[in-house]
Amino acid sequence: MTEPQCWLTPSTPGTYSIVVVGAIDPDWADHFDGMQLEWDVPGATRLVGHVADQAALQGILERLYGLSFPILSVTCLAGGSPSTATDRSDRTDVTMD
């Protein structure tokens with residue numbers, strides 16, 4: 001299997017797969033920013049789609065949490081480019097003392 005190619009920063013768009021426990025009703029699909037709902041994992045729902053940036057990803061994860069869907073996995077399928085991985089212009093370094 002080929003490893004996903006993800007070079008992310010907080011503002012980099014990407015394509016994600018999010019798997020949660022339980023079945024999300026298809027009528028709720030509009031609440032997940034255009035993510036496609038799939039039920040190929042027994043007892044779970046997979047959301048797959050493009051996310052504008054890390055803030056949008058966080059919003060989807062918070063929505064799932066608010067609806068009491070335990071999150072099994074979050075996988076970046078594609079995103080960014082090698083240049084975004086080395087471009088530090090939109091990153092903030094934090095030092096822990």
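From a predicted model like this one, the values you see are computed outputs, not experimental measurements. (Residues numbered from 1 in each chain as written. Predicted model: local features only at pLDDT ≥ 70, side-chain atom pairs only at ≥ 80, totals over all residues. Heavy atoms only, no water.)

So, about the overall build of the chain. When helices and strands are tallied, the chain shows 2 helices and 5 strands. Restricting to contacts in the chain with at least 6 residues of sequence separation, those with at least 24 account for 71%. Split by element, the accessible area of the chain, about 6,200 Å² in all, is 56% carbon and sulfur. (Helix = DSSP H or I, 4+ residues; strand = E, 2+ residues; numbered from the N terminus. Contact = heavy atoms within 4.5 Å. Areas by Shrake-Rupley, 256 points an atom, 1.4 Å probe, with all protein chains shown as cover.)

Right, let's talk about unusual backbone geometry for a bit. Of note in the backbone geometry, Asp33 takes a positive phi value of approximately 50° without being a glycine. Its location among the elements puts Asp33 in the loop between β2 (14-21) and β3 (36-38). Even without being a glycine, Ser68 presents a positive backbone phi close to 65°. Looking at the element boundaries, Ser68 is found in the loop between α1 (54-66) and β5 (71-79). A residue is classified by how much of its surface remains accessible, and Ser68, at 61% relative accessible area, is exposed. (Buried < 20%, exposed > 50% of the residue type's maximum accessible area, 1.4 Å probe, protein only.)

As a further point, take the confidence of the model for the chain. Summarising the model, the chain shows a mean pLDDT of 81, and 74% of its residues fall at 70 or more. Note that residues 82-97 has pLDDT below 50 and, in this model, 16 contacts with residues that lie over four places away or in other chains. (pLDDT = per-residue confidence, 0-100.)

This part takes up the pattern of salt bridges. Applying the stated criterion across every chain, the model contains 3 salt bridges. A salt bridge links Arg63 to Asp33, with the shortest nitrogen-to-oxygen separation between them at 3.5 Å. Linking Arg63 in helix α1 with Asp33 in the loop between β2 and β3, this pair joins segments that are 30 residues apart in sequence. A residue is classified by how much of its surface remains accessible, and Asp33, at 46% relative accessible area, is partly exposed. Three or more residues are tied together by salt bridges with common partners; here these are Glu38, Asp40 and Arg46. (Salt bridge = Lys/Arg side-chain N within 4 Å of Asp/Glu carboxyl O.)

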